Amino acid sequence: MSDKDILVTGVAGFVGSTLCDYVLENHPEYTIHGTVRYRTDLRNIDHIKEKLVLHDADLTDSHAINNLIQEVQPAKIFHLGAISYVPTSWENPLAVMNVNIGGTINILESVRKYSPYTIVQIAGSSEAYGKVYVDEIPIKETNPLRPLSVYGVSKAAASMLAVQYYESYGTKTILTFAFNHEWSRRGKDFVLPSLIRQAIEVKSGVKDYILVGNLDAVRDFTACPDMVKGYWMATEDNRCQFGDVYNIASGIGHKIKNILTLILTLFDLPDSVVKEDTQKLRPSDVPILIGDSNKFREATGWEPTYTIHDIIESIAEEWVEKLNKEQININ
C-alpha cells in the first residue's frame, strides 16, 4: 500500500475529472488511479489522461473491483462512480440500483477484504433527504431520509452502507452529502446546462422557446471545484470522523425560476421565450433542498469561493464555445 496512491471511481465523469484537476494542481505528489469501462467517454480527461493510471473495471463486476483494490491498495478512494441523472432512475430503476448500490457494496467489500487501511469517501447526495418539511430547512445531517426518486433511494442505501461497514468492520468510510453542484462539463440534460444551452439556441435563432419543467423547486448550488475541494478536505488530517456523515452545501437556496431570470438577462431574452414542457416534469419532485454544512465547515475549514453567477458564466462559456464549433453563431 502506498500513501500516495488514490483511486477515483467514475474518473471521467463531471465530478471525477474535476477532482483530478484539483489533485493534480494542488497535490501533485499523488498518483491518481481511475476506473473506466470500454464504452466510457474520455473527453473530460483528454487534457490530463497521460497523467492518470486508468483501469478497466466495471463497478458492478466484483471480480474486477477485487483485482483492482488488491493491485493498487490505495490510501484513499473517492467513490464518485454512479448513475446520477435522476430521470434515469425512473426509466431504468434496476440499472440505477445495480450501479449505485451494488457498486458501493463491491468497493466496500473489496476494501474490507484486501485494503482495510484505505479511507473511502462515499459521495452521497442531498436527493436522499427527499421530502423535507419547511421547519427542517436548512437540512442538517440528523434529518430523516425520505427519498422521492429511485436515485434518492439508491443514494440513501449507499449512505447507510457506508455507516454500516464502519460500525461492523471498522472500514474507514466518510460519507458526504453533496447538495447540487454545477460547473462546466456537466451533462446537457441537467437543469442549469439545459436552460443555458437552450437560451443560447434561442438567442442564435436555432430554437423558438426554452422548454422548462418545475420552476418552483428550490436548490442549493455549489460550484463543482468547491465541492471536490471539500471531498479532498474530508479525507485529510483526521478532520472528519469515520462512519459519520457531513453535508457540503453553500447554504443558499435559489428558486429555479429566479435562476432562469438570471440566464434570460445574461442573453438579453424576454420572458415570452419560456414554455412549459410537461415531459420535463418528474413523477415526484423534491420541492426544496437547502443544506446546513456547519458541521463540515467546523471540521475542515471549508468555505465555498464561487457564486451562482460564477457557475452560470462557467457553463455559458462552455456552451457558447461548443455551439459555435457547431457553426451556431451567438448574436
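For the structure, see preceding data.
The sections below set out a description of the structure shown in this document.

Parameters at a glance
- Residues numbered from 1 in each chain as written.
- Predicted model: local features only at pLDDT ≥ 70, side-chain atom pairs only at ≥ 80, totals over all residues.
- Heavy atoms only, no water.
- Axes fitted to C-alpha atoms, helices over the stretch in contact; angles between N-to-C directions.
- Helix = DSSP H or I, 4+ residues; strand = E, 2+ residues; numbered from the N terminus.
- Parallel < 35°, antiparallel > 145°, perpendicular 65-115°, else oblique.
- Left-handed = near helix turned anticlockwise from the far one by under 90°.
- Contact = heavy atoms within 4.5 Å.
- Nonpolar A, V, L, I, M, F, W, Y, C, P; charged D, E, K, R; others polar.
- Expected span 1.5 Å × (residues − 1).
- Buried < 20%, exposed > 50% of the residue type's maximum accessible area, 1.4 Å probe, protein only.
- Pairing = 2+ DSSP bridges.
- Right-handed = clockwise from strand over helix to strand, strands pointing away.
- Disulfide = S-S within 2.5 Å.
- Salt bridge = Lys/Arg side-chain N within 4 Å of Asp/Glu carboxyl O.

For the pair helix 6 (residues 191–203) and helix 10 (residues 308–325), the least separation of the axes is 9 Å and the interaxial angle reads 50°. Classified by the angle between their axes, helix 6 and helix 10 sit oblique to one another. As helix 6 packs across helix 10, the resulting crossing turns out to be right-handed. In this structure, helix 6 uses Leu-192, Pro-193, Ile-196, Arg-197, Ile-200 and Glu-201 to contact helix 10, whose residues at the interface are Ile-308, Ile-311, Ile-312, Ile-315, Ala-316, Trp-319, Val-320 and Leu-323. A class-by-class count of the residues in the contact of helix 6 with helix 10 yields 12 nonpolar, no polar and two charged.

With 13 residues, helix 1 (residues 14–26) should cover 18 Å at 1.5 Å per step; its first-to-last C-alpha distance of 19 Å lies within 8% of that length. Phe-14, Val-15, Gly-16, Ser-17, Thr-18, Leu-19, Cys-20, Tyr-22 and Val-23 are the residues of helix 1 that are buried. Lining the buried residues of helix 1 we find strand 1 (5–9), strand 2 (31–36), strand 3 (52–56), strand 4 (76–79), strand 7 (181–182) and helix 7 (224–234).

Bringing the pairing of strand 1 into the picture now. Strand 1 sits mainly inside the fold: five of its five residues count as buried. The two faces of strand 1 match: Asp-5, Leu-7 and Thr-9 on one face and Ile-6 and Val-8 on the other face are all buried. Note: strand 1 against strand 2, four bridges, orientation parallel. Residue pairing for strand 2: Val-8 is matched across the bridge by Gly-34. Note that the unit made of strand 1, helix 1 and strand 2 has a crossover that is right-handed.

Another point: the state of the cysteines. All chains considered together, the criterion is met by zero disulfides. Cysteine Cys-20 is unpaired, with the sulfur of Cys-224 as its nearest cysteine sulfur at 11 Å. Of all cysteine sulfurs in the structure, the one in Cys-224 sits closest to Cys-240, which takes part in no disulfide; the separation is 18 Å. Classification of Cys-240 by relative accessible area gives buried; the value is 5%.

This model, assessed by the stated rule, comprises 16 salt bridges. The closest approach of N and O atoms between Asp-46 and Lys-49, which form a salt bridge, is 3.6 Å. Judged by its relative accessible area of 29%, Lys-49 falls in the partly exposed class. Residues joined by salt bridges that share partners form a network here, namely Glu-109, Arg-112 and Lys-113.

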